[in-house]
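So the chains spell out like this:
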Amino acid sequence: MDKKQRRLYTTTIYAVGFLQMGGVGISPVLDELSKAFPQYSTTAIQFTSSIVSLFVVLTNLITGWLCARFPKKYLTAFGCGLAVLFALLATIFNSSLPQLYLWAALLGIGTSIASTVSMAIVNEMFEPEECVSVFGIRACFSSVGAMLMTFISGRLVGINWRYGFLVYLGMLPGLLLSLLWFPKDTKIDKSNASASNAPFSVKRLVFPCFVGFFVSMLYSTAMVNVAMLVAESGFVPAEQTASMAGTLSTAFLAIGGVTGLAVDKIAKKIGLHCMTLGFAGLLVGYLDIFFANSYAMLIVASLFCGGAITLVMPHAQVLSSEAGGIKRELGLSIGQIFANSGNVLAPLLTNLSMLLFGTAIVKYRFLTAAGLAFVVMMITAAHVQRQKKEDGI
């Protein structure tokens, strides 16, 4: 492809990438939902957000099948369109919590289709070494999108909680650009085409699924627990807890975005050990959180662990696609299923922490996550070194 085509395609891919962290825009609405529907438990209210992740996983089961039967440009536009439809339906029709559950399911389906299919387009249009760079920058836009969605949704909720859902109208550019700029039939580069003739390999798929699952679970641990961590720590006045927790979340996402821009250069230096570095960052960052004695130390911790997701996932996505061989979309879909399952199951770390330490103190959840990060880091390092030996590097 020429430079103009590349620019148009990558712009569209990055615009669609805003939806990658689909459920994050709902988070500011949840507190108001508990007031609007006081008859429901806190768990039931939080389930509104969990439904998005659940339907992302379920839809990923058929994404490969959809890619084989429908043009990817229309699938991507359809996914973005479901997000826009969610914004309108949830804003207008919200008289009951089960009704919002239904609209959240639509958002999960749209997120899954748009995100996974746009990544499949990357695999078909770019060389494998280029894919890491595109996925990395896409992760940057995902982090920026998550920050903007959280910020704008919070401001809209301040006007009326129903308006918080309108933040998903921000997927209109992704919808329009997919229809305008993606080709109906994606072209495959020569070297990429030969790679895609390889058979589907379950053995090669195990590792990217493994790292994708654990980096998603461990990263989500921070995002799920950060508000409770700040409140429990006593590092900030009680009236500033919400805003300071938001600042810490923003720091995590911002570092992830910056790392996404640099992941290609890092990969050229250390190769697949980018993933090892990602888990090492989680280990150091979460230990910093556990031993922190000030809010400043929590911010420092975010510098270490905020970039983990963008150091690991671009490589996991490329590896899972390559493992798919002639069924690249299936390999990518399976990899995404495991990654999104990590998001869904992240709250189980709370139970594991209780089992190990017998306490509900939030910082012990991060200590538990640090232990897991160490184990996964060692496994990742060993696998990458073995792979390098097999490849004669």
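Parameters at a glance
- Residues numbered from 1 in each chain as written.
- Predicted model: local features only at pLDDT ≥ 70, side-chain atom pairs only at ≥ 80, totals over all residues.
- Heavy atoms only, no water.
- Helix = DSSP H or I, 4+ residues; strand = E, 2+ residues; numbered from the N terminus.
- Axes fitted to C-alpha atoms, helices over the stretch in contact; angles between N-to-C directions.
- Parallel < 35°, antiparallel > 145°, perpendicular 65-115°, else oblique.
- Left-handed = near helix turned anticlockwise from the far one by under 90°.
- Contact = heavy atoms within 4.5 Å.
- Nonpolar A, V, L, I, M, F, W, Y, C, P; charged D, E, K, R; others polar.
- pLDDT = per-residue confidence, 0-100.
- Salt bridge = Lys/Arg side-chain N within 4 Å of Asp/Glu carboxyl O.
- Buried < 20%, exposed > 50% of the residue type's maximum accessible area, 1.4 Å probe, protein only.
- Core = buried A, V, L, I, M, F, W, Y, C linked by side-chain atoms within 4.5 Å.
- Phe/Tyr/Trp six-rings, centres within 6.5 Å; stacked < 30°, edge-to-face > 60°.

A. Representation of the environment of Arg-328. Along the chain, Arg-328 falls in helix H14 (residues 328-345). Taking the C-alpha atoms as reference, Arg-328 lies 8.0 Å from Asn-123; in sequence the two are 205 residues apart.

B. Fine view of the packing of helix H1 (residues 3-17) against helix H6 (residues 128-159). With their axes 8 Å apart at the nearest point, H1 and H6 run at an angle of 45° to one another. Considered as vectors, H1 and H6 are oriented oblique to each other. For the crossing formed where H1 meets H6, the hand is right-handed. Of the residues in H6, those touching H1 at Arg-6, Ile-13, Tyr-14 and Gly-17 are Glu-130, Val-134, Ile-137, Arg-138, Phe-141 and Ser-142. Residue composition of the contact of H1 with H6, grouped by class: five nonpolar, two polar and three charged.

C. The arrangement of the confidence of the model for the protein chain in detail. In the predicted model, the protein chain carries a mean pLDDT of 87, and the fraction of residues at 70 or more is 96%. Here helix H8 (residues 190-195) stands out as the element of the protein chain with the lowest mean pLDDT, 50, in contrast to helix H11 (residues 273-291), whose mean of 96 is the highest.

D. Region of interest: the pattern of salt bridges. For the structure shown, the criterion picks out six salt bridges. Between Glu-322 and Arg-204 there is a salt bridge, with the nearest N and O atoms lying 3.9 Å from each other. On the criterion of sequence distance, the pair formed by Glu-322 in helix H13 (residues 308-324) and Arg-204 in helix H9 (residues 202-233) is long-range, its members being 118 residues apart. By relative accessible area, Glu-322 is classed as partly exposed at 22%. With a closest N to O distance of 3.5 Å, Lys-268 and Asp-264 form a salt bridge. Of this pair, Lys-268 and Asp-264 both sit in helix H10 (residues 241-270), separated by four residues, roughly a single helical turn. Since its relative accessible area comes to 67%, Lys-268 is described here as exposed.

E. Looking closely at the nonpolar core. Leu-33, Leu-100, Tyr-168, Phe-279, Leu-282 and Tyr-286 are the most contacted members of the largest nonpolar core, which totals 83 residues. Counting residues per element, this core draws most heavily on H9, which supplies 12 residues. Setting aside residues no more than four positions away along its own chain, Tyr-286 makes contact with Leu-218, Tyr-219, Thr-221, Ala-222, Cys-305, Phe-366, Ala-369 and Ala-370. Core analysis: the second largest hydrophobic core is formed by 20 residues, Val-122, Val-134, Phe-135 and Leu-311 among them.

F. Representation of the packing of aromatic side chains in the model. In total, this model carries 14 aromatic pairs according to the counting rule given. Taken together, a centroid distance of 6.4 Å and an interplanar angle of 75° make the contact between Phe-37 and Tyr-40 edge-to-face. With a relative accessible area of 33%, Tyr-40 lands in the partly exposed category. Between Phe-213 and Phe-214, the ring centres sit 5.1 Å apart and the planes meet at 90°, which makes this aromatic pair edge-to-face. When sorted by exposure, Phe-213 lands in the same class as Phe-214, which is buried. Linked through ring pairs, Phe-37, Tyr-40, Phe-86, Trp-161, Phe-165 and Tyr-168 together constitute an aromatic cluster.

G. Region of interest: the environment of Gly-174. The residue Gly-174 is located in helix H7 (residues 172-181) in this model. Spatially, the C-alpha atoms of Gly-174 and Thr-12 are 6.3 Å apart, while their sequence positions differ by 162 residues. Those residues in contact with Gly-174 that sit more than four places away from it in its chain are Ala-15, Val-16 and Cys-80.

H. View of the packing of H1 against H7. Relative to each other, H1 and H7 sit at 155°, their axes nearing to 9 Å. Our classification of the angle between H1 and H7 gives roughly antiparallel. Judged by the sense of rotation from one axis to the other, the crossing of H1 with H7 is left-handed. Where H1 approaches H7, its residues Leu-8, Tyr-9, Thr-11, Thr-12, Ala-15 and Val-16 are matched on the opposing element by Gly-174, Leu-177, Ser-178 and Trp-181. Its residues assigned to classes, the contact of H1 with H7 comprises six nonpolar, four polar and no charged.

I. Examining the side chain of His-273 more closely. As for its position among the elements, His-273 is in helix H11. The class of His-273 is buried, set by a relative accessible area of 18%. Those residues in contact with His-273, other than ones at most four positions away along the chain, are Ala-381, Val-384, Gln-385 and Lys-388.

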